[in-house]
Amino acid sequence: MDNKIIVTIGREFGSGGHEVGKRLAKVMGIKFYDTEFIRMAVENTGFHEEYIKSNEEKAPDFASSALFSGIEYYQPSPYDKIQAEEFRLIKEVAAESSCVIVGRAADYILRDQSHVSIFLFAPIEDRVKRKLALLSPEEAKQITPAQMEKLARKTDKQRRRYYEYYTDNKWGDRDTYDMLLNTSRTGIDGAVSIIKTYIEECRGESMMPD
């Protein structure tokens, strides 16, 4: 079995995916990738950082893409170039060393490589409270709980469309991941501890009898 530890984390908006991934990587002494992909993609696409940030993890509005089709004559749009570059980067960093990767359909991109796939979720009301609590006093004055909930639902919808557009799987479905965790129940540190224990105990290996 590959000695590298690769963990991919899918997440609902506000469920703590970034923080869980960051803390997990720290306690395990491995690399962490989330928004780092934006900076890395800027270097290779020539697109402005804000443009990539605004267009990653979103499915196109049109009904065709050739990222996985192998159609040689297809001329990718700037949008597709962003996704293709991030997918390439995901494969690259996973091939180099142990790491935790948040979002960007990484579990599907690395489906042929040994890794542990996690999905984090929580009730919408808890996710809204968490995101509001993380705001600075000035930021908190500019957004209401209702607006934050609207943002959460919109972001979840975008992530679902993105994930299901580029993969053969269902976003957040139990058959898609090794483990689903409700962070309202586990807390951030609890989720980190559970994932770490899972990796150390079974690393995604099948324990079912032959």
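Look up a bit, the structure's there.
As a starting point, this report considers the structure included with it.

Things to note about helix H9 (residues 183-201)
Owing to its 3.6 residues per turn, the α-helix brings residues three or four apart onto one side.
Step number 1: Compared with an ideal rise of 1.5 Å per residue, which puts 19 residues at 27 Å, H9 spans 21 Å between its outermost C-alpha atoms and falls more than 12% short.
Step number 2: The sharpest bend along H9 reaches about 80 degrees and sits at Asp 189.
Step number 3: For H9, the complete set of buried residues consists of Thr 183, Ile 188, Ala 191, Val 192, Ile 195, Tyr 198 and Ile 199.
Step number 4: Lining the buried residues of H9 we find strand S1 (6-11), helix H1 (17-28), strand S4 (116-121), helix H6 (124-133) and strand S5 (179-182).

Brief notes about the environment of Leu 134
Step number 1: By the element assignment, Leu 134 lies in the loop between H6 and helix H7 (137-140).
Step number 2: Residue Leu 134 is classed as exposed on the basis of its relative accessible area of 55%.
Step number 3: When the C-alpha positions of Leu 134 and Gly 14 are compared, they lie 10.0 Å apart, and in sequence the two are 120 residues distant.

So, the environment of Asp 107
Step number 1: Residue position: Asp 107 is located in helix H5 (residues 106-109).
Step number 2: C-alpha separation for the pair Asp 107 and Phe 119, spaced 12 residues apart in sequence, amounts to 10.0 Å.
Step number 3: Not counting chain neighbours up to four residues away, the residues in contact with Asp 107 comprise Thr 8, His 115, Ser 117, Tyr 163, Asn 169, Thr 176 and Tyr 177.

A look at helix H2 (residues 36-45)
Step number 1: Within H2, burial applies to Phe 37, Ile 38, Met 40 and Ala 41. Axial view of H2: buried residues confined to an arc of 165 degrees, hence all on one face.
Step number 2: Backbone geometry just downstream of H2 places Gly 46 in the positive-phi region, at approximately 85 degrees.

Quick notes on the packing of H1 against H9
The packing of two helices is summarised by the inter-axis angle and the distance between the axes.
Step number 1: With their axes 9 Å apart at the nearest point, H1 and H9 run at an angle of 50 degrees to one another. Classed by the angle they form, the pair H1 and H9 counts as oblique. The two elements H1 and H9 meet at a crossing, and its hand is right-handed. The segment H1 lies against H9, with Glu 19, Val 20, Arg 23, Leu 24, Val 27 and Met 28 engaging Ile 188, Asp 189, Ala 191, Val 192, Ile 195, Lys 196 and Ile 199.
Step number 2: Across the contact of H1 with H9, the residue classes break down as nine nonpolar, no polar and four charged.

Structural notes on the nonpolar core
Step number 1: Formed by 27 residues in total, the largest nonpolar core has its most connected members in Tyr 33, Phe 37, Ile 90, Val 93 and Ile 101.
Step number 2: Elements represented by at least two residues in this core include exactly H2, helix H4 (78-96), strand S3 (99-102), H5 and helix H8 (145-166).
Step number 3: Among the elements that take part in this core, H4 stands out by supplying six residues, more than any other.
Step number 4: Apart from the residues within four sequence positions on either side, Tyr 33 is in contact with Met 40, Val 93, Cys 99, Val 100, Ile 101 and Val 102.
Step number 5: With 23 residues, the next largest nonpolar core counts Ile 9, Ala 25, Val 102 and Tyr 198 among its residues.

What counts, and at which threshold
Residues numbered from 1 in each chain as written. Predicted model: local features only at pLDDT ≥ 70, side-chain atom pairs only at ≥ 80, totals over all residues. Heavy atoms only, no water. Helix = DSSP H or I, 4+ residues; strand = E, 2+ residues; numbered from the N terminus. Expected span 1.5 Å × (residues − 1). Bend = angle between axes of the 7 residues up to and from the residue. Buried < 20%, exposed > 50% of the residue type's maximum accessible area, 1.4 Å probe, protein only. Contact = heavy atoms within 4.5 Å. Arc of directions from axis to C-beta. Axes fitted to C-alpha atoms, helices over the stretch in contact; angles between N-to-C directions. Parallel < 35°, antiparallel > 145°, perpendicular 65-115°, else oblique. Left-handed = near helix turned anticlockwise from the far one by under 90°. Nonpolar A, V, L, I, M, F, W, Y, C, P; charged D, E, K, R; others polar. Core = buried A, V, L, I, M, F, W, Y, C linked by side-chain atoms within 4.5 Å.

The quantities given are spatial measurements derived from coordinates; they are silent on function.
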